[in-house]
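Observations on the model geometry
Listed here are the chains, written in short residue letters.
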Amino acid sequence: SEKFTKHKLKDSSHSESPEPIEFSDEDSEGQDGYKPGGYHPVKIGDLFGGKYVVVKKLGWGHFSTVWMARYSHESNNWNSNPIDQPKYFALKVQKSAEHYTEAARDEIHILKTIRRKALQQKELLKGKDNPLYDSHVVNLVDSFDHVGPNGVHVCMVFEMLGCNLLSVIKRYDYKGIPLSIVRNITRQMCVGLDFLHRVCKII
C-alpha cells in the first residue's frame, strides 16, 4: 500500500487493478482523470470530513491526489492550545472507482494495525532510555468518505511529513544524492521495514 515508510515516491498499491500503475514526475495529473470513478475536483478552501480545510496541493499519484489541510476553527475537534494541536495534515483523496475504493479500505485496515502497534511499542519502551521512539512509519490520523460529482471518495488523513524522494533527487539535478543523505534515508527505511515485519507481522 502507499505511504508506509517516511521516504516514498508516488502512489502504489498491492491490490490488483485493471489499469497499470504509473509513476510520473509531472507536477499535474492532467484533466483526463477527472471523471466518474476518477479524481475528485478539490479546491483550496474545501472542507473535508466536516473539519479539514484544504490549504494547498502536495502531489498526486495514479490512485489519488494529496493535499495539505488544517483543522477548521469552527470544528468541534479544534483545540485552541497550539502546543497540543497539529498545525497541518496530509489529506489523501482516493479515486472513486470500486477497485480504488477497495484498495483504500485495505490500506486503512493495515494502517490502523500499524498505528495500534506503534502506540503499543511506544508504551513498552517508555522509560527505557528511548523517550523519542519513532517507528519511521507514517501515522494515519483519520479516514472518512467524501461524496463528490465523480462518486464517493475514500479519504485518509496523515501526519505531515517532509518532501518525497523524487523531490530530493530533483534538488540535486538528477546527478545523485549525497552519500550522507542516502545513508540517513536508508537507515530510516530499514527501521520502518523492521517495525512492519517484526512488530506488525506485515510482510
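Right above here is the structure, for reference.
Since the model is a prediction, treat every value here as computed from it, not as a measurement.

Reading guide: rules and limits
- Residues numbered from 1 in each chain as written.
- Predicted model: local features only at pLDDT ≥ 70, side-chain atom pairs only at ≥ 80, totals over all residues.
- Heavy atoms only, no water.
- Salt bridge = Lys/Arg side-chain N within 4 Å of Asp/Glu carboxyl O.
- Helix = DSSP H or I, 4+ residues; strand = E, 2+ residues; numbered from the N terminus.
- Buried < 20%, exposed > 50% of the residue type's maximum accessible area, 1.4 Å probe, protein only.
- Expected span 1.5 Å × (residues − 1).
- Contact = heavy atoms within 4.5 Å.
- Phe/Tyr/Trp six-rings, centres within 6.5 Å; stacked < 30°, edge-to-face > 60°.
- Lys NZ or Arg CZ within 6 Å of the ring centre and 35° of its normal.
- Pairing = 2+ DSSP bridges.

This part takes up the pattern of salt bridges. When the charged atoms of two side chains with opposite charge come close together, those side chains can pair. Scanning the entire structure with this criterion turns up five salt bridges. Notably, a salt bridge pairs Lys51 with Asp142, separated by 3.2 Å at the nearest N-O pair. Here the residue Lys51 occupies a position in the loop between strand E1 (47–48) and strand E2 (52–60), and Asp142 occupies one in strand E5 (residues 140–148), the gap between them amounting to 91 residues. Of the two residues, Lys51 and Asp142, neither departs from the other in class, the shared state being buried. Its salt-bridge partner being Arg105, residue Asp145 comes within 3.0 Å of it at the nearest N-O pair. Residue Asp145 is located in strand E5, and its partner Arg105 is located in helix H1 (residues 98–125); the two are separated by 40 residues in the primary sequence.

Our next topic: H1. In this model H1 runs 41 Å from its N-terminal to its C-terminal C-alpha over 28 residues, within 8% of the 40 Å that 1.5 Å per residue would give. Turning to H1, its buried residues are Tyr100, Thr101, Ala103, Ala104, Glu107, Ile108, Leu111, Thr113, Ile114, Ala118 and Gln121. Looking at the buried side of H1, the elements it contacts are strand E4 (89–94), E5, strand E6 (151–159) and helix H3 (179–199).

Before going further, it helps to examine the environment of Ile110. The topology assignment puts Ile110 in helix H1. Under the relative-accessibility criterion, Ile110 is labelled partly exposed at 26%.

Before going further, it helps to spend a moment on the packing of aromatic side chains. Scanning the entire structure with this criterion turns up six aromatic pairs. Seen from their ring centres, Tyr71 and Phe89 are 5.1 Å apart, and the 70° between their planes marks the pair as edge-to-face. Here Tyr71 is found in strand E3 (residues 64–71), whereas its partner Phe89 is found in strand E4, with 18 residues between them in sequence. Note on Phe89: relative accessible area 3%, which makes it buried. For the cation-ring pair, Lys95 lies above Tyr39, with the distance from its terminal atom to the ring centre recorded as 4.6 Å. The ring of Tyr172 has Arg171 sitting right over it, with the charged end atom 5.0 Å from the ring centre.

The next thing to look at is the sheet that holds E4. Read from one edge to the other, the open sheet built from six strands follows the order E1-E2-E3-E4-E6-E5, with strand pairing classed as antiparallel. Each edge of the open sheet carries a strand with a single partner, namely E1 and E5. Pairing geometry for E4 and E6, over five bridges, is antiparallel. By the bridge assignment, Ala90 is partnered in E6 with Phe158.

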